[in-house]
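Residue-level listing of the chains:
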Amino acid sequence: MKKQPTTTKNERQLKLAEAGVLFVLILGVTIFVGARMFGGDEKVEPQVVAENALEAPVIDTIAIEETVPVTSAVPDAESEVADADIQVGETLSEHPPRVVTYAASEAAYFAGDFEEAADMFSAYTLEYPDNAWGHYMLGLSSWKAEDLDGAEEAFLAALEIKPDHLKSRINYGRVLLEMDRAQEAREQLEAALVIDPQSVEAYRVLGRTEHNLGLLDEAVATYRSALALRLDDAWSLNNLGLVYIEQERFDEALPALARAAGLNSEAACIQNNLGVALERSGYRQDAIEAFERAVATDSNYAKAEESLARMGAQALDSSAAAGEARVDLIALAAGFTAEGDVQTGPTGSVEVASSEGDT
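Everything numeric here is computed off the predicted structure, so don't read it as measured data.

### What to know about a negative patch on the surface
Piece 1. A surface patch of negative charge is lined by Asp113, Glu115, Asp119, Glu146 and Glu178.
Piece 2. Positionally, glutamate 146 belongs in the loop between helix H4 (132-144) and helix H5 (148-161).
Piece 3. Note on glutamate 146: relative accessible area 70%, which makes it exposed.

What follows is the structure in structure tokens.
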């Protein structure tokens, strides 16, 4: 009977211990759940994030080509900087990256898409700022896109890199002519002839510059210098004939213009100038035919149309026309020399060439 209280006391102690353990477990669970519910740290998986999480990252890749493409604008002797592919600012999620190469940019130029060519060469020069040819083609493209200020900036950049860059000197001179800065153009072209005294193109554009400055005798001498180097330079022949017309030296204008027309039969302005020289030399029927060839080449050529209309209003009767003097243009053209012209025995509008193969 005396052992009963001991057993009861032990059972009570055991129950208290179990209750304590249970309490601790419940307290631990409570704390854990509270931490999860009220601001506890949540595990974050590591990840790579672009600088702008709203856009896909821009990836620029540059693949250097072995050589600069050989084209009419970039002769081998002048090629100094390797061409490259340039990836420019489009996101991968929207469009594939635009690839700009020298060859592709030049192709846009020769396709006549001058604004696109200017945009492409602008991107090219940003990636290759030390390539004088890139700046040169940017200047040429900008000029053709009628952005004269942009053309000037690009040509100056090319010349800063390469002061003896002949084509940049010559075409910068052309741009200056269009900007009515003929004296500055003359300086550029004289500098071009220091670089290459045998440059027909430099002589030709210098002749235009002297013509614009009113220095007609100097222009004649300069065109003759060009023709001494290349007798069949059609635009020097045309422009020389034009100066002679302005000096009323029509017999001297005829051989040069006849040769120019034979070399470039598709240039309406050359046929028109020939028509003026023929008319003023007394070869009326030959002049009409020259004006007709000009209109046939370019149906919108107003100068030749005006001359035809004027001459039609002064039509000769059939008997007078039958006895009218004619000229052998082929013989005149063959007899032209750079040193002196063969003599041939109301004034129309004349025009200097506006395009002279400027790449």
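### Some details on the nonpolar core
Piece 1. Residues Leu240, Ile245, Leu254, Ile270, Leu274, Leu278 and Leu329 are the most contacted members of the largest nonpolar core, which totals 42 residues.
Piece 2. When contributions to this core are tallied by element, the ones reaching two or more residues are helix H9 (216-229), helix H10 (234-246), helix H11 (250-263), helix H12 (268-280), helix H13 (284-297), helix H14 (302-312) and helix H16 (329-334).
Piece 3. Every residue in contact with leucine 329, bar those within four places of it in the chain, is listed here: Ala258, Leu274, Leu278 and Arg293.

### A word on the packing of aromatic side chains
Piece 1. Applying the stated criterion across every chain yields a total of 9 aromatic pairs.
Piece 2. Here tyrosine 109 and phenylalanine 110 contribute two aromatic rings whose centre-to-centre distance is 5.2 Å and whose plane-to-plane angle is 85 degrees, an arrangement assigned as edge-to-face.
Piece 3. Across from the ring centre of tryptophan 143, 4.8 Å away, lies the NZ or CZ of lysine 144, which sits over that ring.

### A closer look at the pattern of salt bridges
Piece 1. One pass over the structure, following the stated rule, counts 13 salt bridges.
Piece 2. Taking the shortest distance from any N to any O, the salt bridge between glutamate 152 and arginine 181 comes out at 2.9 Å. Highlighted residues: glutamate 152 in helix H5 and arginine 181 in the loop between helix H6 (166-178) and helix H7 (182-195), separated in sequence by 29 residues.
Piece 3. Residue class for arginine 181 comes out partly exposed when judged on its relative accessible area of 23%.

### Considering the environment of glutamate 210
Piece 1. Here glutamate 210 is to be found in helix H8 (residues 200-212).
Piece 2. Judged by its relative accessible area of 5%, glutamate 210 falls in the buried class.
Piece 3. Put simply, glutamate 210 and valine 220 are 10 residues apart on the chain and 9.1 Å apart in space, counted from C-alpha to C-alpha.
Piece 4. With sequence-adjacent residues up to four places away left out, glutamate 210 is seen in contact with Arg186, Leu215, Glu218, Ala219 and Thr222.

### Focus on the side chain of glutamine 188
Piece 1. Here glutamine 188 is to be found in helix H7.
Piece 2. Take glutamine 188: its relative accessible area is 14%, and that puts it in the buried class.
Piece 3. When sequence neighbours within four positions are dropped, the list of residues in contact with glutamine 188 reads Leu159, Arg169, Tyr172, Gly173 and Leu176.

### Things to note about unusual backbone geometry
Piece 1. A positive phi angle, close to 60 degrees, is found at aspartate 180, a residue other than glycine.
Piece 2. Examined against the element boundaries, aspartate 180 turns out to sit in the loop between H6 and H7.
Piece 3. For aspartate 180, a relative accessible area of 72% translates into the label exposed.

### Brief notes about H6
Piece 1. Helix length check: H6, at 13 residues, gives a terminal C-alpha distance of 19 Å against a target of 18 Å (1.5 Å per residue), a fit within 8%.
Piece 2. Burial within H6 is extensive, with 11 of its 13 residues counted as buried.
Piece 3. All of the buried residues in H6 are Leu166, Ser168, Arg169, Ile170, Asn171, Tyr172, Gly173, Arg174, Val175, Leu176 and Leu177.
Piece 4. For H6, the secondary structure elements touched by its buried residues are H4, H5, H7 and H8.
Piece 5. Phi turns positive one or two residues past the end of H6, at aspartate 180, with a value near 60 degrees.

### Thoughts on the packing of H8 against H10
Piece 1. Two numbers describe how H8 lies on H10: the axes approach to 10 Å, and their chain directions differ by 20 degrees. Relative to H10, H8 is oriented roughly parallel. Considering the relative orientation of H8 and H10, their crossing is left-handed. Contact residues: H8 offers Arg204, Arg208 and His211, while H10 offers Trp235, Ser236, Asn239, Leu242, Val243 and Glu246.

### Description of the packing of H9 against H10
Piece 1. Here H9 crosses H10 at 155 degrees, and the two axes come no closer than 9 Å. On the basis of the axis angle, H9 is roughly antiparallel to H10. Where H9 crosses over H10, the handedness of that crossing is left-handed. Across from Leu216, Ala219, Val220, Tyr223, Arg224, Ala226 and Leu227 in H9, the residues of H10 making contact are Ser236, Leu237, Asn239, Leu240, Val243, Tyr244 and Glu246.
Piece 2. Along the lines of polarity and charge, the residues of the contact of H9 with H10 split into 10 nonpolar, 2 polar and 2 charged.

### A look at the confidence of the model for the protein
Detailed reading of the predicted coordinates is not advisable wherever pLDDT falls low.
Piece 1. Per-residue pLDDT for the protein averages 77, and the proportion of residues at 70 or more is 64%.
Piece 2. Low pLDDT (under 50) marks residues 341-347, which in the prediction has 23 contacts with non-local residues, meaning those over four places away or in another chain.

### Quick notes on the environment of aspartate 119
Piece 1. Its place among the elements puts aspartate 119 in helix H3 (residues 114-127).
Piece 2. The spacing of aspartate 119 and serine 142 is 23 residues in sequence and 8.9 Å in space, taken between C-alpha atoms.

### A look at the side chain of threonine 101
Piece 1. For threonine 101, the location among the structural elements is in the loop between strand S3 (98-100) and helix H2 (102-110).
Piece 2. Taking relative accessible area as the criterion, threonine 101 reaches 10% and is therefore assigned buried.
Piece 3. Within the local environment of threonine 101, its side chain forms a polar contact with the backbone nitrogen of alanine 104, the two atoms lying 3.0 Å apart.

Thresholds applied
Residues numbered from 1 in each chain as written. Predicted model: local features only at pLDDT ≥ 70, side-chain atom pairs only at ≥ 80, totals over all residues. Heavy atoms only, no water. Patch = residues over 30% accessible without salt bridge, like charges linked within 9 Å, V, L, I, M, F, W, Y side chains within 5 Å. Areas by Shrake-Rupley, 256 points an atom, 1.4 Å probe, with all protein chains shown as cover. Salt bridge = Lys/Arg side-chain N within 4 Å of Asp/Glu carboxyl O. Lys, Arg positive; Asp, Glu negative; His and termini not counted. Charge placed at Lys NZ, Arg CZ, Asp CG, Glu CD. Helix = DSSP H or I, 4+ residues; strand = E, 2+ residues; numbered from the N terminus. Buried < 20%, exposed > 50% of the residue type's maximum accessible area, 1.4 Å probe, protein only. Core = buried A, V, L, I, M, F, W, Y, C linked by side-chain atoms within 4.5 Å. Contact = heavy atoms within 4.5 Å. Phe/Tyr/Trp six-rings, centres within 6.5 Å; stacked < 30°, edge-to-face > 60°. Lys NZ or Arg CZ within 6 Å of the ring centre and 35° of its normal. Expected span 1.5 Å × (residues − 1). Axes fitted to C-alpha atoms, helices over the stretch in contact; angles between N-to-C directions. Parallel < 35°, antiparallel > 145°, perpendicular 65-115°, else oblique. Left-handed = near helix turned anticlockwise from the far one by under 90°. Nonpolar A, V, L, I, M, F, W, Y, C, P; charged D, E, K, R; others polar. pLDDT = per-residue confidence, 0-100. Polar contact = N/O pair within 3.5 Å; in protein donor to acceptor, adjacent residues only side chain to side chain.

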